[in-house]
Amino acid sequence: MRGFLAKIKGGSVLLIALLCALFTCALLRVPVFEGGEGYELYLGGSSSATIVSTQTPALDKLLHMGVKGESARYEGDLYEALKDRFHAKLLFTEEAAGVTNYYLLSPSLGPGVLLAGRRVNLHIAVGRGQTAAGTPLIFGGF
């Protein structure tokens, strides 16, 4: 009887550890950006990565383990709100075709990429009445 109870306890401990690991994995896969339209996931580490448009980013991010970045689009200029939300520091900006690109570093996000000699992990583009935000960058253009 004691051997049976020991096996039950051991199995329970293993099951709880597995559930904790799965819960942690699910938390790490939560989408970075809330709301917005045109949510995209990037499967690959470069600007030529596969881009997956999704209406269900949480599920798709959980199913695609190779997600290297993501972005969302919003109506209006949300640069300041996004910068504040991620406690990000502005590194540099550039402007092209009526769009202002802000390159930032946030302690809330992953390691990022090197761009113009600086580590960037948050890219916000504002123009034409819209905002796009991506981490580490917005792939595929805006």
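These numbers were taken from a predicted model, which means no experiment stands behind them.

Our focus in this paragraph is the environment of glutamine 130. Residue placement: glutamine 130 occurs in strand 9 (residues 130-135). Residue classification places glutamine 130 among the partly exposed positions, given a relative accessible area of 30%. For the pair glutamine 130 and arginine 73, spaced 57 residues apart in sequence, the C-alpha separation works out to 7.1 Å.

All right, on to the pairing of strand 8 (residues 122-127) then. Most of strand 8 sits out of view: six of its six residues are buried. Neither face of strand 8 is open: one carries Leu122, Ile124 and Val126, the other His123, Ala125 and Gly127, and all of them are buried. Sheet topology note: the strand 5 (residues 99-105)/strand 8 ladder contains five bridges and is antiparallel. Among the inter-strand pairings, asparagine 101 is bridged to a residue of strand 8, identified as alanine 125. Inspection of the sheet shows strand 8 paired to strand 9 by five bridges, in the antiparallel sense. Paired with glycine 127 across the two strands is glutamine 130, which belongs to strand 9. The antiparallel hairpin formed by strand 8 and strand 9 contains two residues in its connecting segment, where arginine 128 sits at a positive phi of about 55°.

Attention now goes to the sheet that holds strand 3 (residues 67-75). Strands sit in the order 2-1-3-9-8-5-4 across an open sheet of seven strands; the sheet is antiparallel. The open sheet is flanked by strand 2 (50-54) and strand 4 (89-96), the only strands paired with a single partner. Taking each pair of neighbouring strands and ignoring which way they run, the sheet shows an average axis angle of 20°.

Here is what the cut-offs are and how they apply
- Residues numbered from 1 in each chain as written.
- Predicted model: local features only at pLDDT ≥ 70, side-chain atom pairs only at ≥ 80, totals over all residues.
- Heavy atoms only, no water.
- Helix = DSSP H or I, 4+ residues; strand = E, 2+ residues; numbered from the N terminus.
- Buried < 20%, exposed > 50% of the residue type's maximum accessible area, 1.4 Å probe, protein only.
- Pairing = 2+ DSSP bridges.
- Axes fitted to C-alpha atoms, helices over the stretch in contact; angles between N-to-C directions.

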